[in-house]
Structure formats: structure tokens, C-alpha cells
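Next come the chains, spelled out residue by residue.
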Amino acid sequence: MKPKHSDTPHLHVLQNRLESVGGREYWRSLEELADTEEFRAFVEDEFPGRSPEWLNPPNRREVLRLMAASFGLAGLAACTKMPIQKIIPYVRQPEEVIPGKAMFYATAMPVGGYATGLLVESHLGRPTKVEGNPDHPASLGATDAIAQASVLGLYDPDRAQAISLYARLSAYVNFLAVMNRVREQQHQKKGAGLRILTETVTSPTLAWQIGNILTEFPEAKWDQYEAVHYSGSEIYHFDKADVVVSLDADFLGGMPGSLRYARDFASKRKLSEGQTSMNRLYVAEPSPSITGSTADHRLRMRPTEIETLARSLAGRLGAGQAPAGTASAQVEAIAKDLENHRGSSVVIAGLQQPPAVHALARAMNQALGNVGVTVTGIQPVEAKPVDQIQSLWTLVKEMNAGQVDVLMILGGNPVFTAPADLNFSTAMGKVNLRIHNSLYFDETSELCHWQVPEAHYLESWSDARAFDGTVTILQPLIEPLYGGKTPHEVLVSLTDQPDQTSHEIVRSYWQTKHTGADFEIFWEKALHDGIVPNTASPVVAAGPLPAVPAAGRAPDAGTLELNLRPDPYLFDGRFANNGWLQELPKPESKLTWDNVVYISAATAVRLGVENEDMVDLEYRGGKLRAPIWVLPGQADDCLTMYFGNGRRRGGNVAKDAGFNAYLLRASDQPWGAPGVQLRKTGNRYTIANTQHHHSMEGRGIVKSATLAEYEKDRDFVKHEDPETPKSQSLYPEYPYNGYKWGMTIDQNVCTGCSACVVACQAENNIAVVGKEQVVKHREMQWLRIDRYHKGDAANPEVFNQPMLCQHCEKAPCELVCPVAATVHSGEGLNQMVYNRCVGTRYCSNNCPYKVRRFNFLLYSDWYTESLYGMRNPDVTVRSRGVMEKCTYCVQRINEAKIDSEKEDRRLHDGEIVTACQAACPTRAIVFGDINDTTSQVAKLKQQPLNYGVLGDLNTQPRTTYLARVTNPNPDWVKT
């Protein structure tokens, strides 16, 4: 049974409920907080959502679609073909490949133009898993969910698989013949009719190529457009900041450098490392974000109200003129805190905020002495910094005027992502020759004459800069599966050397930069390390502060404000065909497979709408129908939508999933503004939400305190909820004389980014099940991020708790299995023997943590051989009717043990890194041998903040948590 989300509780009911139960109660949703009858029925059903699938089983086509089948249909003999050029492994290159032994190669994944350094695992020429490059400044060994899921995108059979002309198969030689004629014609006109449209370019080689073409064709033009465009001219040093003020900036999860910023920010927050002080974070934002969930003080306000806050705060700090009547106790508390931390604070403005807020943030950092210490100006990371909306608008104007004969679109999907009021598709139709280089035959490809399949980044030679300017040379791990071409190879078709490969082009560029006799040494070291040395952008002195634009007119009371944002996992829509990302619950709402209109409870009550109500939105002539979702922490009178869903083309997974929010985007206000109209339609729409799934409601799951409370009572965790003494257990004790594996998770630095969830999915061959099965509570992820709230229902505190198999010392699941499919190892692991499991689900029924997943249907395709290419060969692919769960990456444990036994030694601390641990940007997850008293995990388990979930049950879990400690300002006055 699904909880009846339509009965959204009113705010006054929630407030009365909170007052009656006291301030320490934690809740997961508004329904749980109100304790509705529907919610009680839902949690009391052990297996909700049961239905007779055997009456309508999914066919094989549907299974392939959901898995994004992800990996290339029958023609992938090239899956095991290594690139013909020499590539350099990260550690060392063996004389010959050792079957069964993975190798790692350094490369980088560009998103929005900015690169994140990676190490990619290869099994006999098959890329199967990505990890962060510990030497790369943008990753420091961590990854995000998008990077983890990129392997699935490599093998996606929905990728464009052949060059096409008018959507019909053609050949690359035919394309080169056409481009030769284009070159001759454009020479006569000096390129007057040639336009090149790219996304944000940080690649030195690509910029060099375009510059050469513009020199040869001086009347040609280069335009850029990115739906989510970041300007890389400042970097932040959060490891030096004691106070951070975020003005709608999701720096922990939604901008270039987020992995590095998360690591640096967490370093000032880890009480488990002997620190006695913490940083403090203030966040002002309209919708809950990853950064907002970590805040010590979160101000819930509309986007237009954030500018008023910034002006008021700047005026108080002497960095601007405060508007009359905006002074408040909260502004005074923030300003005083910043003044007390001059030179050790950061004020950061978000991408979606107008130029005035960015100018005010710069002025405040300057006034506080932060510039040059916690905030550093650098030369722009982009090869050609431009106003991209203006660049696209100029291109549209020229196309409408008939001034464009040839349009080359390298990457991107502007027909889908361009602001609706530009009518890009109509203007593009007036161009005589349209060429698109893209991974998918998408909305833009549909309107182009030529579509040239693009090579995936794991198939490409290229280069790109990180957020700080550091260059990585991308090296392919595999030959292009579908004959894809990089933008370098498409551009070279305009030159007199159209047969140059991307390897030759990239190498030629770097030879012009490194002219010494030791070029081969430089080249191989750059490939090996994943970093080109001495390429970080130079620091620039602080220039004159920009003028702050005048304040606009505040919106009238009750006016609805539109707030558009990129999807946290699908980005601008380029990853919409990735099943892992579609099924990954959104960090703030736990929605999957859709985007919605987020609204606050108070505004929903005022407008008479409820969860899953379909509404019509109208804004600046754009119209869209989408469902409502009431979200705790959402600003009143503000409607937030993620764009990236609602695709018509670009793959079977992406097609018809969600709603196209780009239809509401305007070029002069691309992130929204007041004035959106909402009308209820009377229709309903089912949403797949996982917030209630696997509920342990009514139990003491999360533990937290303020820093002042923790300093007063270091043992508050034990006093609040004492564990049952181990001596009272009915289980016999077992001596662990060898290894004794365990894990700790620091909730103080977990941001809920879900990189660990996708890392586990990629490492362990976990299937995608699709929206219908998620609605029935049948998602298969072995690791989930539980999200709890506390306090004010309108603007609650947020707590993230990764939940995986606890590997209980006294495991309740093991006693009830009739076939001994779940057993305890001699090292304390709770193991699953898949071949024994007969699917009784007794173990799941007896698991208090609800961390076991049952294969109700055959989600994995066992019969299509090409699917083997992506899977980790060290992990079994499960069939229907078996129970699955976290294994602490036992395959990694055994591999390391074998290596150590060959060397006749014990494992070193940190030698085994689980998939979830490796991905974590903040190092919240630590794994190791508890028997080794010098190990990091053993030391953390001795911390006073350490506790086991449901300790009163005496299951003695091997996975324990460090309680959350917040650092609120004692001068803060809650309004």
C-alpha cells in the first residue's frame, strides 16, 4: 500500500504535534509527523505494494529499456579492443595483461566544461568502474554520483551508433566530402556564413583548434551556450574558513570544485579527529539543497528576498548601502559573527543569483579581509569567457536574418536547453547546413542535416581544465564502440588535414607548449598522473569592485515566484538516459524518475493543492503541466522545478520521464522571477518517492546535539539512549583471532550527496527496476541515504544517515533462514550465499534495519552477451528470487588478503577501501580491522560520539555512526 500523499497535513496540525511530543523528535515526512491513518497502515505492512506480477510480467524489451541496457547490443565485439595509441596506467604498466587483474588509468570527466580527475578501472580492456584521482585538485580521490554512473552511459545502446544524414545511415567519408566543399565555399567568403556553437570550453586543444579556424576564416564566429554556465574566476578555501555565508550557493554539491570544497569544509567539522572547535555555516536559499542540509542556520526565503538579505548584510559590514527597514536580529548575528572572523570567513553567492548579489558578496569578502586568504581570484578557467545567453541570442538573430550558411554544433542540445523565448529551433531551420556532434540522436540532432556520433569521454583523446585551471589529458580506455568522433575530429574536417585523429591533434598541441627534448617523458608522466604540471590558473590581484546594480521592485505579497534549477543528478538533461541516475532518490525529497513542482505546505494550503495534483503553470508565455510536491523547507510563495527531464528524444530511458521545465525558461530571467501563474487541473499523477521506504519509525535512529551541549556532556549519546549490555545476549561469543571488519560513518560530515549509493551500484552489478517497481518499494540499491527532520515543519533541521547492512555481530537474519543462505563469516561479515537462497524473505522480515533487497523479478538480463561488458567480473550477477545486500565489498577484501598472503604479512590499515568509502567526498565513511587497535576505524569506535543504531536490540552492529553535532550561533534569534 502506498501512503496517501494527497492528504497533506496542515501546518497548524504539524506545529501542535511538535509541541506535544517535545523538541527532540525526528521525523521523515509530513505524513509521519502528523501520524495520519494512511501512514500508520503503510508502516505496519511488512511488504507494501504487493501485486500479482505473474499476471502481467515485464517483457525483455522493458527490462533492457530500464537497465539502459545499457551497454551496447550485439555488435560490441569492440568492447575488449584497447585503443591503438599508447595509454599509460596510473600505477605501473605490466609487460603483459594479467587476466583477472584490473588496471587503472588516469583521465578526467568534463561536465559543464570543468574536469574532475578520475582513475578508471579496466578489466581486459573493459572500463567497469571509476574512482577519484587522489592527485587531482578537483577530486582528491573522491567522485560524485554523475561520475560513478558515467560507465553506464558508455555502454548505453541508445547512443547514436552511426553517422546519419536526414536521419538515414551514411558514412563518414561522405561527411568529409561535404565538409571539403564547405571549406572551399567558406574560403571565398572568408567564413562569413560559418558559425561554430559549443558548450563551455576549457580544453586548451579545442580552443587552439577553433582559434586556428577563425584565423583561416576571419569572418566566421564562435558562439557558446551552456544551460548551466559557471564562471571560473574565483576559488574558495573552505579549509581556512571558520564562518561561511552561502547566498543560495550549493557549493557542497552543485558547482565546479564541489568535491574539493566538500573535503575542505568537512576538515573544519570533524570532531572525531580531536578537534575542539567547528566552523559555522549560514545558508539562505529557496529550496533545500545538499549545502542547506548541512547548515547550522538555514534561512528559508525566496530568491528575490536573498538580494535584500545581501544588501542588508553588506550595509551592516560597511560594504554597501542597506535598504531601509531591512535590519533584523538575524542579520546582526551573522554580521557580528563575520566581523569576529575577519580573514577566516567566506561569503559566496550562487549561480542563480543576479549580478547584484555577486557584487555584494565580493564587496563583503573585500571588507572582511578574506580576499587572498579564503577567497582567491584567478585568471578565467574558460578559454573564451562570454555572456553565453547573449552569445546564443546573437546567433539566433543572425540565423533569423539569413546570415548563417553552416552551423556546426559541437556537443550540447540547444533545441532542448535554450530559453523558450529565443525559439532556437525555428531560427536553426533557416540555416542551409546544420551539423551536430552528440552522444545521442536527440532533439537537436532531429533538426540537423548531419548527425555525427560523439565519442564518450572514456573513448576520447582530449584535455580539459579543472575548477582551478589544472589541465588533465583525457586518454581513452577503449576504442569508440560506435565509431564516435570527438569535437577535435569534427573540427579538423574544416582543415586540409581532415584525417587527423584526436590523439594526433592533442599531442600536437602539447608539443607546441613543451618544446624540450624530453617531450616523451613529459607526455607519459602527464598521462600517468592525470595532471599536466604547472597548469593551474595564475592568481590575480583583486581588481576594483564592480558597481552594485540598483535594487529592483520587490514582488507583491502573495505573488508566486518561479525558481528553476538544474537537476542534481541529470544536470541539464544530458544524463537523462542513465537509469542509475533516474532511479537515484533526489537528495532533498527522495523522488525518483520524475521532476515536480516543489511547494511549501503553507502555500499549498493557500492554493488548495496537494501532493500529486497536476497543475498548469504559465510564465512569460511558456506553459507546462506538472505535478505538485509539498517539500519541508521550501520557501513560501515560491515554486521550484528542476530542468533536465521531459525529453522527447535521446534514449528510451529519458523519453517521457518527467516534465520539460525549459518551456518556462526566459532569456532575460533564466532562473525564474516573480509572476508565474498556477492553476489546478483536477488530474492526478503518481510519483515514485522513497522517503517512507524501509521505515524504522518510532526508533532512536539519529542522535544529535549542539556543540555547546556536547562540550557540556561528552557522553550524551550513551545517556540519551543507552545500549543493552553485551552480556545479556543469548548468542554465544565468538573469538575473532584474525581480522574483524567494521565501519564507521560520520554523520557530522555526511552531506547526503549519494555518491556512495551509485558507487555501490556500479561496483556490485545492482539492477535498475523502473518507476513502477519503485512505487511498490522494490528498488534494489544496497545502500540508501535516510533523511530525517527535526523541529519546525516549515523549516526543519535535516539529518542524513547512510544505511547499509550493519553486519550485526548477533544478526537476527541468520537464525531464521531455513536453508542457511545468510551466514556469519569467521571475520564477522554477514554473508549471502545466493545459490542457497529460496526467497522466503524471513531474513528481511527479521532485519530491524530493513537493508535487504529481494529480486522480485529478473531485473538483470542474463542472456544478452553484450551486457557483460560493463559488469564487475568479481561480483555475481543475481537471478530472480534471491535476497541481496551490502557485503562490505567482500571481493575487495579477498583480493587484498590474497596479495598480503603472497607477501606473508597482515593487511595494512587503509589497504582495503570499500566502494562507498572511496567515493565519499568528505571521508565520512571509514572501513577497516577493528582488531587492529591502531586502525582508524578502531579509534573512531572509541569516540564518545560513536553509537550503533537500535543498540537496545543488542544486535551489536559492526557499522556504527558518529552523532551529528551542530554549531549554532548563540546570538541567533529564531523568527
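Here the structure is a predicted model, which means the values were calculated and not measured. (Residues numbered from 1 in each chain as written. Predicted model: local features only at pLDDT ≥ 70, side-chain atom pairs only at ≥ 80, totals over all residues. Heavy atoms only, no water.)

**What to know about the overall build of the protein chain**
Assigned secondary structure in the protein chain consists of 30 helices and 39 strands. Among the 975 residues that make up the protein chain, the fraction classed as buried is 62%. A separation threshold of at least 6 residues defines the contact pool for the protein chain, and within that pool the share at least 24 residues apart is 75%. (Helix = DSSP H or I, 4+ residues; strand = E, 2+ residues; numbered from the N terminus. Buried < 20%, exposed > 50% of the residue type's maximum accessible area, 1.4 Å probe, protein only. Contact = heavy atoms within 4.5 Å.)

**As for the state of the cysteines**
If you walk through the whole model with that rule in mind, you get zero disulfides. Left unpaired, cysteine 808 is separated from the closest cysteine sulfur, that of cysteine 805, by 6.6 Å. (Disulfide = S-S within 2.5 Å.)

**Re helix 6 (residues 172-188)**
If you check helix 6, its first and last C-alpha atoms are 25 Å apart, about what 17 residues at 1.5 Å a residue would give, namely 24 Å. For helix 6, the set of buried residues is Tyr172, Phe175, Leu176, Val178, Met179, Val182, Arg183 and Gln186. Seen from one end, helix 6 has its buried residues packed into an arc of 160 degrees, which puts them on one side. Facing away from the buried side of helix 6 by more than 90 degrees, the exposed set consists of Val173 and Gln188. Of the residues trailing helix 6, lysine 190 is marked for its positive phi of about 60 degrees. (Expected span 1.5 Å × (residues − 1). Arc of directions from axis to C-beta.)

**Re the confidence of the model for the protein chain**
Taken residue by residue, the protein chain gives an average pLDDT of 87. The fraction at 70 or more is 88%. Contacts for the low-pLDDT stretch residues 1-7, under 50 throughout, to residues beyond four places or in other chains number 22 contacts. Here residues 63-80 is modelled with pLDDT under 50, and outside its nearest four sequence neighbours on either side it reaches 62 contacts, counting other chains as well. (pLDDT = per-residue confidence, 0-100.)

**Some remarks on unusual backbone geometry**
Positive phi values are uncommon outside glycine, yet phenylalanine 571 reaches one of about 60 degrees. Tracing the sequence through the fold places phenylalanine 571 in the loop between strand 20 (561-566) and helix 20 (579-582). Owing to a relative accessible area of 11%, phenylalanine 571 belongs among the buried residues under this scheme.

**A word on the packing of helix 7 (residues 204-216) against helix 18 (residues 502-513)**
In the contact formed by helix 7 and helix 18, the axes pass within 9 Å of each other and the chain directions differ by 90 degrees. In terms of their interaxial angle, helix 7 and helix 18 are classed as roughly perpendicular. Contacts from Pro204, Thr205, Trp208 and Gln209 of helix 7 reach helix 18 at Ile505, Val506, Ser508, Tyr509 and Trp510. Of the residues belonging to the contact of helix 7 with helix 18, the class tally is six nonpolar, three polar and no charged. (Axes fitted to C-alpha atoms, helices over the stretch in contact; angles between N-to-C directions. Parallel < 35°, antiparallel > 145°, perpendicular 65-115°, else oblique. Nonpolar A, V, L, I, M, F, W, Y, C, P; charged D, E, K, R; others polar.)

**Considering the sheet that holds strand 15 (residues 406-410)**
What the seven strands build is an open sheet, ordered 6-5-17-16-15-7-8; its pairing is mixed. This sheet does not close on itself; its edge strands, each paired only once, are strand 6 (168-169) and strand 8 (221-224). Here strand 7 (residues 194-198) runs beside strand 15; their pairing, made up of five bridges, is parallel. Paired with leucine 194 across the strands is valine 406, a residue of strand 15. Set on the sheet, helix 6 makes contact with strand 7, strand 15, strand 16 (433-438) and strand 17 (450-453); between it and strand 17 the angle comes to about 120 degrees. (Pairing = 2+ DSSP bridges.)

**Re the pairing of strand 25 (residues 638-643)**
Most of strand 25 sits inside the fold, with six of its six residues counted as buried. A two-sided burial pattern is seen for strand 25, the buried positions comprising Cys638, Thr640 and Tyr642 on one face and Leu639, Met641 and Phe643 on the other. Two elements, strand 20 and strand 25, share six bridges in a ladder whose sense is parallel. In the sheet register, asparagine 563 faces strand 25, and the bridge partner there is threonine 640.

**Points about the sheet that holds strand 2 (residues 103-111)**
Backbone-to-backbone hydrogen bonds pair the strands of a sheet. The strands run either parallel or antiparallel. Overall, antiparallel pairing links the three strands, which are arranged 2-3-4 in an open sheet. Only two strands of the sheet have a single partner each, and these edge strands are strand 2 and strand 4 (126-132). Averaged over all neighbouring strand pairs, the angle between strand axes comes to 40 degrees, with direction disregarded. Bridge count between strand 2 and strand 3 (residues 114-123): nine bridges; the pairing is antiparallel. If you follow alanine 106 over to strand 3, its bridge partner there is leucine 119. Seen against the sheet, helix 5 (residues 145-154) touches strand 2, strand 3 and strand 4 and runs at an angle of roughly 170 degrees to strand 4.

**Observations regarding the packing of aromatic side chains**
Counted under the stated rule, the structure contains 27 aromatic pairs. Relative to tyrosine 261, the ring of phenylalanine 238 has its centre 5.1 Å away and its plane inclined at 75 degrees; by these criteria the two rings are edge-to-face. One end of the pair, phenylalanine 238, is in the loop between strand 9 (234-236) and strand 10 (243-247); the other, tyrosine 261, is in helix 8 (residues 258-267), with 23 residues separating them in the sequence. The class of phenylalanine 238 is buried, set by a relative accessible area of 0%. Tyrosine 261 gets classed as buried once you look at its relative accessible area, which sits at 1%. (Phe/Tyr/Trp six-rings, centres within 6.5 Å; stacked < 30°, edge-to-face > 60°.)

**Let's talk about the pattern of salt bridges**
Scanning the model with the defined rule gives 47 salt bridges in all. One salt bridge connects aspartate 636 with arginine 300, and the closest N-O pair in it is separated by 3.0 Å. Here arginine 300 lies in strand 12 (residues 297-300) and aspartate 636 lies in the loop between strand 24 (622-630) and strand 25, a separation of 336 residues in the sequence. Notably, a salt bridge pairs arginine 649 with glutamate 446, separated by 3.1 Å at the nearest N-O pair. Taken together, the positions of arginine 649 in the loop between strand 25 and strand 26 (677-684) and glutamate 446 in helix 16 (residues 443-446) put the pair 203 residues apart, joining distant regions of the chain. What you see here is one network of salt bridges that share partners, running through Lys129, Glu131, Glu763 and Arg892. (Salt bridge = Lys/Arg side-chain N within 4 Å of Asp/Glu carboxyl O.)

**Looking at the environment of asparagine 340**
Looking at the element boundaries, asparagine 340 is found in the loop between helix 11 (329-339) and strand 13 (345-349). On the basis of relative accessibility, which here comes to 55%, the residue asparagine 340 falls in the exposed class. Separated by 97 residues in the primary sequence, asparagine 340 and valine 243 place their C-alpha atoms 9.3 Å from one another.

**With respect to helix 7**
Taking 1.5 Å per residue as the helical rise, helix 7 with its 13 residues ought to reach 18 Å, and the 19 Å between its terminal C-alpha atoms agrees with that figure. All buried positions along helix 7 are accounted for by Pro204, Thr205, Leu206, Ala207, Gln209, Ile210 and Ile213. In this structure, the buried side of helix 7 is in contact with strand 7, strand 8, strand 18 (462-465), strand 19 (471-474), helix 17 (487-491) and helix 18.

**Comments concerning the pairing of strand 24**
When you tally the buried positions in strand 24, you get seven out of nine residues, the bulk of the element. Pairing analysis gives three bridges linking strand 22 (residues 597-599) to strand 24, with the strands arranged parallel. Each bridged residue has a counterpart across the sheet, and for valine 597 the counterpart in strand 24 is isoleucine 628. Note: strand 23 (residues 613-619) against strand 24, six bridges, orientation antiparallel. Bridge pairing in strand 24 links aspartate 616 to arginine 625. The loop that links strand 23 with its antiparallel partner strand 24 comprises two residues; one of these, arginine 620, has a positive phi angle of about 55 degrees.

**Section: the environment of asparagine 800**
Along the chain, the position of asparagine 800 falls in strand 31 (residues 797-803). In this structure the C-alpha to C-alpha distance between asparagine 800 and arginine 964, which are 164 residues apart in sequence, comes to 9.3 Å. From its side chain, asparagine 800 meets the backbone oxygen of threonine 751 in a polar contact 3.3 Å long. Polar side-chain contacts of asparagine 800 include one of 3.2 Å to the side chain of arginine 787. (Polar contact = N/O pair within 3.5 Å; in protein donor to acceptor, adjacent residues only side chain to side chain.)

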